[in-house]
Amino acid sequence: MFFRMIKGTFIHQWKKMLMIALTVALGTSIATAMLNVMLDVGDKINAELKTYGANINVVSKSAAIVSSLYETDEATDAYLQENVTGELLTIFWANNILDFAPFLDGQVKLDGTDQKVTGTWFHYHLSFRKKGSDYIRDTGINNLRDWWEIVDGERYDEQADFYKDAGDLFAMVGENVAEKKNLKAGDEITLTGKTTEVVKVVGVFSSGDNEDDVIYLPLSTAQRLTGKADLIQSISVSALTSPEDETSQKVAKNPELARPEDYELWYCTAYVSSICHQIQEAIPTSSASAIRRVADSEGDILNKTELLMTLITVLSLIGSALAISNLVTSSVMERSQELGLMKAIGAKNVRIAGLVLTEILLVALVGAVSGYFIGFGFAQIIGHTVFGASIDMKGMVAFLVAVLIFAVTLIGSLPAIRNILRLRPSEVLHGR
Amino acid sequence: MIKNKKRLMFFKMISLSLLRRRSRMIVALLAIVVGATVLAGLVTIYYDVPRQMSESMRSYGANMIFTPDGTDSLTDEMIERALSYIPARDLDGYTPYRYENTTINKNPVTFAGVDFDGVKKTAPYWNVDGAYPTRDGEVLIGANVAKTFNLGVGDKTVAVSSIEITEDVDESLIPDYEIIEIDGVKSADHELPIKVVGIIQTGSSEEDYVYLSYSDVEYLTAKHRGYDLVEVSVNSTGGLESYTTSISNGVEGLRAKLIKHVAASESAVLTKLTSLIFIVTAVVLLLTMICVATTMTAVIAERRKEIGLRKALGASNLSVVGEFLGEGLLLGGVGGILGSVLGYVFAEIVSKNVFGGSITFLWWLIPVTIIASVAVTGIACLIPIRSAVDVDPALVLKGE
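Conventions and cut-offs
Residues numbered from 1 in each chain as written. Chains lettered and ligands numbered in written order. Predicted model: local features only at pLDDT ≥ 70, side-chain atom pairs only at ≥ 80, totals over all residues. Heavy atoms only, no water. Buried < 20%, exposed > 50% of the residue type's maximum accessible area, 1.4 Å probe, protein only. Helix = DSSP H or I, 4+ residues; strand = E, 2+ residues; numbered from the N terminus. Arc of directions from axis to C-beta. Contact = heavy atoms within 4.5 Å. Pairing = 2+ DSSP bridges. Domains from an automatic or database assignment. Salt bridge = Lys/Arg side-chain N within 4 Å of Asp/Glu carboxyl O. Phe/Tyr/Trp six-rings, centres within 6.5 Å; stacked < 30°, edge-to-face > 60°. Lys NZ or Arg CZ within 6 Å of the ring centre and 35° of its normal. Core = buried A, V, L, I, M, F, W, Y, C linked by side-chain atoms within 4.5 Å. Axes fitted to C-alpha atoms, helices over the stretch in contact; angles between N-to-C directions. Parallel < 35°, antiparallel > 145°, perpendicular 65-115°, else oblique. Nonpolar A, V, L, I, M, F, W, Y, C, P; charged D, E, K, R; others polar. Left-handed = near helix turned anticlockwise from the far one by under 90°.

Caption draft 1: Spatial organisation of helix H9 (residues 260-267) of chain A. Residues and elements named next belong to chain A. Within H9, burial applies to Asp-262, Trp-266 and Tyr-267. The arc that holds the buried residues of H9, viewed along the axis, is 125 degrees, so those residues lie on one side. Opposite the buried face of H9, by more than 90 degrees, sit the exposed residues Pro-260 and Leu-265. On its buried face, H9 is in contact with helix H8 (246-253) and helix H10 (272-282).

What follows is the structure in structure tokens.
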């Protein structure tokens, strides 16, 4: 009988039920879309912020003290071995390291005047073998110097077919150098250091800072010119990080003295300080430090964006919760006559309440399931139009939305049900 | 007279209907207020957030630099002319730098003369252990310099600059120094006692310099000279390129350049964020409006019986529609007003919490919110009323 009555409601009042289902679906879709976007926006903005370039700088431990103050210093311990670079791929947060490149600076003569050159990887295929596992990564400054504007020619790319077989005698020239020496793509220049190399200018770039005064060479060419075989000066690392908080700063100052549980949490979170710590563990001769300008601002912007999205999400959640409970209230109220009749012919309050609740929750379930998928669609539309990537759907959101919708529907029906229980059948049937 | 009476009756009916059916009308009003709040709140945020975000992006520091172009250095007058191209409200701060090579303990160090108030704006990311200098003779040193010379906060040392006596040296600044002449070149060792008040950590090249005031640099080198570089921090949601071209063309001997990696990433992040808020606002608004409409529809639909009764008493279709619409529009208006106030309050809360500043009040949003909620309510009412008036009153009253 119970089920027949419910079935009856759905058949005779399908329009009203459809309306409730529709509203629940809309509310659910807002909640699903907003929660998913909110939870994913941090990662997405973080990836966007990576255009600011590297946020970690790795140098040799002794170089950190000697620094560039003594440019004449020839001690080899101020340098890192080139082959330690691959160790970066072995750390705990290796997957968060997006790009990295080694650098080696040197002074050479170009047309009789001093010229600063920097050797690096442009687009390098790194394969590193440690303890039987292979680590492979394509990396280099073509990603790290995303903002370089190529004024003339193209970016050098050691992986490109043409350059692969052509050796390493190529150069990317900063705008100011090109202007001074009147260079353009295709020109050949003679650089004299410990050896003399004739390199071909592949492209001219503009960066807007002091890199415009530098000639960038493939690392091996720079190593020959400076006579520092297999050595590098620094490694720039661009890593996805979480914003630092008070605890992380405290632990980072003195990891050995921190409480074990704090240390554990810090080590297993992608703070810039813990990644630096892990790099130093992997390369014992190195000193890794955060580039504050990038690391601090990133944390700041990330926190703000996440907070902003959270508040907007809260508003839309409140909005959809109110809309759903509103409609549920009004739709139950308008059935007072029918429910009054039930009372008049002897139905118990509990049974009536049970009947109404079951109906509403059934409708809400249908609405919520379809709403979840609509919300999924909206989240993906937002992801693709804004970030050009899909939004990760988290299982937690489905659970959260289910609880939320259930609670909202239930709360929405409560005042209406209380009203019904107070009804006097005779009055209702009389039409008052 | 009759017309007046009719109008009076109309308002009486509407207001009485709203009062008597209090609980249901509260439901409808609540729906409209929520919709209007979402509209007003999100649109305010959408308009103001790019500006506020651009301001907090300034924590990256300077995004533009001025360098000499064909001249030896930049004068105050040139810098002032260049800055006049940037609207005052967009100019966050600027710092001219004057670099000089000197020595500490016979080792070469680069000294940079700066204005420390300007630095706080253009390089907010400096992590200073200690304090910023406040008087002459006090300096900030980079972390690398501190390690090399084993200097800490509060330590004192002496900077020595070897000055070659040429025409541009102001000899009044070196009155009692011993002038040595070798091979016809006259020079003097000029000393400046300095006190370290702070150590800077930035993770980049700033750690290799010593920063001090312009007057100290002038005293140390005994030369009056302009600046080598000016860092400028400009708030912008785009259009930085046009500033640099007009400044470079307009001021002779000065070249403005964008620090590309700061400027480019800023505009990338801002564009993404703006379009994110735009599309979120659009989606949420659309869904909320539909929710408001369905609630209104439900509220009206249950009054079919009343409509039937009125028709049976001889009311024309038009007057029934007019009355119900009037009721809906009144609700829409009241909801719109409440919603625009609540929306502003919400936007203000967001702004305070996220950016720590006040939000710009958009006065035009009030009429827009009211009109939008009236329109949505009106349309939402019209559909069920239309279908109700088309029905035969006898059928409705009988309850079919």
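Picking up where we left off.
Caption draft 2: Looking closely at the pairing of strand S5 (residues 124-130) of chain A. All names here are of chain A. Taken together, the seven bridges between S5 and strand S6 (residues 133-139) define a ladder with antiparallel strand orientation. Pairing of Phe-128 across the sheet is with Tyr-135, part of S6. Between S5 and S6, which pair antiparallel and follow one another directly, the connecting turn spans two residues, one of which, Lys-131, has a positive phi of 45 degrees.

Caption draft 3: Quick peek at the domain arrangement of chain A. The domain boundaries assigned to chain A delineate domain 1 (2-47 + 300-430) and domain 2 (55-290). Using C-alpha coordinates to define each centre, domain 1 of chain A is positioned 54 Å away from domain 2 of chain A.

Caption draft 4: Inspection of the domain arrangement of chain B at higher detail. We note that the domain assignment places domain 1 (2-56 + 269-398) and domain 2 (63-258) within chain B. Here the C-alpha centroids of domain 1 of chain B and domain 2 of chain B sit 61 Å apart.

Caption draft 5: Spotlight on the pattern of salt bridges. All names here are of chain A. Taken as a whole and assessed by the stated rule, the structure comprises 22 salt bridges over all chains. With a closest N to O distance of 2.9 Å, Arg-145 and Glu-211 form a salt bridge. Of this pair, Arg-145 sits in the loop between helix H4 (141-144) and strand S7 (149-153) while Glu-211 sits in the loop between strand S10 (196-206) and strand S11 (214-218), placing them 66 residues apart in sequence. With relative accessibility at 11%, the residue Glu-211 sits in the buried group.

Caption draft 6: Expanded view of the packing of aromatic side chains. Overall, the coordinates contain 27 aromatic pairs over all chains when judged by the stated rule. Considering the side-chain rings of Phe92(A) and Trp93(A), the 5.4 Å spacing of their centres and the 85 degrees angle between planes classify their relative orientation as edge-to-face. What makes Phe92(A) partly exposed here is its relative accessible area of 49%. Taking 5.0 Å as the distance between ring centres and 70 degrees as the angle between the ring planes, the aromatic pair formed by Trp148(A) and Tyr216(A) counts as edge-to-face. Of this pair, Trp148(A) sits in the loop between H4 and S7 while Tyr216(A) sits in strand S11, and the two are 68 residues apart along the sequence. You'll find Trp148(A) and Tyr216(A) in the same group, each marked buried. Taken together, the ring pairs in this structure connect Phe92(A), Trp93(A), Tyr263(A), Trp266(A) and Tyr267(A) into an aromatic cluster. Just above the ring of Tyr132(B) sits the side chain of Lys120(B); from NZ or CZ to the centre is 4.8 Å.

Caption draft 7: Representation of the nonpolar core in the model. Judged by nonpolar contacts, the single largest core of 118 residues is most densely connected at Leu308(A), Ile45(B), Trp126(B), Tyr211(B) and Leu276(B). Considering each element in turn, this core owes the most residues, 19 residues, to helix H8 (residues 260-301) of chain B. Formed by 32 residues, the second largest nonpolar core is a distinct cluster that contains Ala94(A), Leu231(A), Ile235(A) and Ala270(A).

Caption draft 8: Seen up close, the packing of helix H2 (residues 14-49) of chain A against H8(B). Interhelical geometry of H2(A) versus H8(B) gives an angle of 170 degrees and a closest axis separation of 10 Å. The angle between the axes of H2(A) and H8(B) places the two elements in the roughly antiparallel class. Considering only residue class, the contact of H2(A) with H8(B) consists of 19 nonpolar, five polar and two charged.

Caption draft 9: Spatial organisation of the environment of Ala298(B). Tracing the backbone shows Ala298(B) in helix H8. Counting along the chain gives 67 residues from Ala298(B) to Glu231(B), while the straight-line C-alpha distance between them is 62 Å.

Caption draft 10: A look at the packing of helix H12 (residues 336-344) of chain A against helix H13 (residues 349-387) of chain A. Residues and elements named next belong to chain A. Between H12 and H13, the shortest axis-to-axis distance is 10 Å and the interhelical angle comes to 145 degrees. As H12 packs across H13, the resulting crossing turns out to be right-handed. Taken together, the residues of H13 that come into contact with H12 (itself represented by Leu-339, Met-342 and Lys-343) are Asn-349, Ile-352, Leu-355 and Val-356. Residues that form the contact of H12 with H13 fall into these classes: five nonpolar, one polar and one charged.

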